[in-house]
Amino acid sequence: MPSFAQDPRRHKLVDVLVPLLRRTVPEEAGGYGGAYELRLTAQEADELGGVDLIRSAMRKAARSLGWSRLQTYGGVYGRAAVAGVVDQREIPEPFATVVEAHRREREHAAVETVSRNMQDGKHRAVPGSVFVTAQEFRAAYAAQ
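Residues numbered from 1 in each chain as written. Predicted model: local features only at pLDDT ≥ 70, side-chain atom pairs only at ≥ 80, totals over all residues. Heavy atoms only, no water.

*Asks:* Got a minute to help me understand the packing of helix 1 (residues 8-22) against helix 3 (residues 51-64) in this structure?
*Replies:* Each packed pair of helices is defined by two parameters, the angle between the axes and the distance between the axes. In contact at an axis separation of 8 Å, helix 1 and helix 3 are set at 50 degrees when each is read in the N-to-C sense. Taken together, the axes of helix 1 and helix 3 are oblique relative to one another. Considering only the axes of helix 1 and helix 3, their crossing is right-handed. In this structure, helix 1 uses Arg9, Arg10, Leu13, Val14, Leu17, Val18 and Leu21 to contact helix 3, whose residues at the interface are Leu53, Ile54, Ser56, Ala57, Met58, Lys60, Ala61, Ala62 and Ser64. In terms of residue class, the contact of helix 1 with helix 3 is built from eleven nonpolar, two polar and three charged. (Axes fitted to C-alpha atoms, helices over the stretch in contact; angles between N-to-C directions. Helix = DSSP H or I, 4+ residues; strand = E, 2+ residues; numbered from the N terminus. Parallel < 35°, antiparallel > 145°, perpendicular 65-115°, else oblique. Left-handed = near helix turned anticlockwise from the far one by under 90°. Contact = heavy atoms within 4.5 Å. Nonpolar A, V, L, I, M, F, W, Y, C, P; charged D, E, K, R; others polar.)

Take a look at the structure:
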């Protein structure tokens, strides 16, 4: 993989991603348990420098938050591009309980929203869903 360390697009992406990644960490979790996934069109990803550059920026942003052990993933799948980062550090107690409760709460909210969407045919966005994170990313990137 090429080095993107000096690429100005990476620096801008890192500046945008740090606060977005920080928001994925549950309150009172000591900075543990964050995860972020970004889904864009393949064209948008190319305009930003490509999925590899986005993943590089995610790694840099996550490390700046102390995520010393992390996993990134991504690729282009037809007209969609996906990139993500997950904090893989072992979560010490009592933070593990907070992170697990946060994850269960988010899963419950997603299931409830999908159920309501199916019942009445309306489309609601789930906070933290890939649709919402993409919109937040686009707005933050445009504001830079």
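*Asks:* Please clarify how the sheet that holds strand 2 (residues 70-77) should be interpreted in this entry.
*Replies:* In any sheet, the strands associate via hydrogen bonds between backbone groups, in a parallel or an antiparallel arrangement. The antiparallel open sheet is built from three strands, whose spatial order is 1-3-2. In the strand order of this sheet, the two ends are held by strand 1 (35-41) and strand 2, each with one partner. Neighbouring strand axes in the sheet, compared pairwise and without regard to direction, differ in orientation by 5 degrees on average. Inspection of the sheet shows strand 1 paired to strand 3 (residues 80-87) by seven bridges, in the antiparallel sense. Bridge assignment links Thr41 to a residue of strand 3, and that residue is Ala80. Across the sheet, helix 3 lies against strand 1, strand 2 and strand 3, angled at about 160 degrees from strand 2, the strand it touches most. (Pairing = 2+ DSSP bridges.)

*Asks:* Would you mind showing me how to read empty space enclosed by the protein here?
*Replies:* Empty space left among the atoms is revealed by rolling a probe the size of a water molecule over them. Counting across every chain of the model gives one cavity of 30 Å³ or more. Lining the largest cavity are Leu38, Leu40, Ala45, Val51, Ile54, Ala81, Val82 and Ala83. For the lining of the largest cavity, the leading source of residues is strand 3, giving three residues. Split by residue class, the lining of the largest cavity holds eight nonpolar, no polar and no charged. (1 Å grid on protein atoms, 1.4 Å probe; cavity = no way out; pocket = protein on both sides within 12 Å on 5 of 7 lines; lining within 4 Å. Points joined across faces, edges and corners; volume = space filled by probe spheres on them.)

*Asks:* What is the right way to read helix 4 (residues 95-120) from this model?
*Replies:* Three- or four-residue spacings in an α-helix give side chains the same orientation, since the helix completes a turn every 3.6 residues. The terminal C-alpha atoms of helix 4, which comprises 26 residues, lie 38 Å apart, in line with the 38 Å expected from a rise of 1.5 Å per residue. Val99, Thr113 and Asn117 are the residues of helix 4 that are buried. Gly121 sits one or two positions beyond helix 4 and adopts a positive phi of about 75 degrees. (Expected span 1.5 Å × (residues − 1). Buried < 20%, exposed > 50% of the residue type's maximum accessible area, 1.4 Å probe, protein only.)

*Asks:* Can you help me understand the side chain of Thr24 in this one?
*Replies:* Tracing the chain through its elements places Thr24 in the loop between helix 1 and strand 1. With a relative accessible area of 11%, Thr24 lands in the buried category. A distance of 2.7 Å separates a polar side-chain atom of Thr24 from the backbone oxygen of Leu21. Look past the residues within four positions of Thr24 in its chain and what remains in contact with it is Gly33, Gly34, Ala35, Tyr36, Trp67 and His102. (Polar contact = N/O pair within 3.5 Å; in protein donor to acceptor, adjacent residues only side chain to side chain.)

*Asks:* I tried to follow the packing of aromatic side chains on my own but got confused; where do I start?
*Replies:* Both the distance between ring centres and the angle between the ring planes are used here to describe each pair of aromatic rings. A complete count under the given rule lists two aromatic pairs for this structure. A cation over a ring is seen here: Lys12 above Tyr141, with NZ or CZ 4.1 Å from the ring centre. The lysine or arginine in question, Arg89, covers the ring of Tyr32, its NZ or CZ lying 4.2 Å from the ring centre. (Phe/Tyr/Trp six-rings, centres within 6.5 Å; stacked < 30°, edge-to-face > 60°. Lys NZ or Arg CZ within 6 Å of the ring centre and 35° of its normal.)

*Asks:* What is the right way to look at helix 1 in this model?
*Replies:* Across its 15 residues, helix 1 extends 22 Å between first and last C-alpha, which sits within 8% of the 21 Å expected from 1.5 Å per residue. The largest bend along helix 1 reaches roughly 25 degrees and is located at Val16, with the proline Pro19 sitting one to four residues downstream. Within the sequence span of helix 1, burial applies to Arg10, Leu13, Val14, Val16, Leu17, Val18, Leu20 and Leu21. Packed against the buried residues of helix 1 are strand 1, helix 2 (42-48), helix 3, strand 3 and helix 5 (130-143). (Bend = angle between axes of the 7 residues up to and from the residue.)

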